[in-house]
Amino acid sequence: MSKLSIIAEFWQFLRVRKKWWLAPIVITLVLLGALIVLTDGSALAPFIYTLF
């Protein structure tokens, strides 16, 4: 399974089931995860971890 098929399947789930409230939650989790992964080895890491 490719990553694009997972995104397409999730989008189809949202459309069919009318679960639009899930989209902001998933987007926020993905952005926070990307922020943590991208700043893991940088000098900004101690400042970002204090936010949580």
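Definitions and limits used
- Residues numbered from 1 in each chain as written.
- Predicted model: local features only at pLDDT ≥ 70, side-chain atom pairs only at ≥ 80, totals over all residues.
- Heavy atoms only, no water.
- Helix = DSSP H or I, 4+ residues; strand = E, 2+ residues; numbered from the N terminus.
- Rg over C-alpha atoms; globule rule 2.2 N^0.38 Å.
- Buried < 20%, exposed > 50% of the residue type's maximum accessible area, 1.4 Å probe, protein only.
- Areas by Shrake-Rupley, 256 points an atom, 1.4 Å probe, with all protein chains shown as cover.
- Expected span 1.5 Å × (residues − 1).
- Patch = residues over 30% accessible without salt bridge, like charges linked within 9 Å, V, L, I, M, F, W, Y side chains within 5 Å.
- Salt bridge = Lys/Arg side-chain N within 4 Å of Asp/Glu carboxyl O.

## Points about the overall build of the chain
- Counting its regular elements, the chain contains three helices and zero strands.
- Starting at the N terminus and walking to the C terminus, you meet the elements of the chain as α-α-α.
- Rg of the C-alpha trace for the chain: 15 Å, well past the compact-globule value of 10 Å for 52 residues, more than 25% over.
- If one aligns the C-alpha atoms of the chain with their principal axes, the spans along those axes are about 45 × 25 × 10 Å.
- Across the 52 residues of the chain, 10% fall into the buried class.
- Approximately 4,600 Å² of the chain is accessible, and the part contributed by carbon and sulfur atoms is 74%.

## With respect to helix α1 (residues 3-17)
- Taking 1.5 Å of rise per residue, 15 residues should cover 21 Å, and α1 covers 21 Å from first to last C-alpha, within 8% of that figure.
- Looking one or two residues beyond α1, the residue adopting positive phi is Lys-18, at roughly 60 degrees.

## Some points on a nonpolar patch on the surface
- On the surface, Trp-21, Ile-25 and Leu-29 cluster together into a nonpolar patch covering about 350 Å² of accessible area.
- The topology assignment puts Ile-25 in helix α2 (residues 22-38).
- Classification of Ile-25 by relative accessible area gives partly exposed; the value is 42%.

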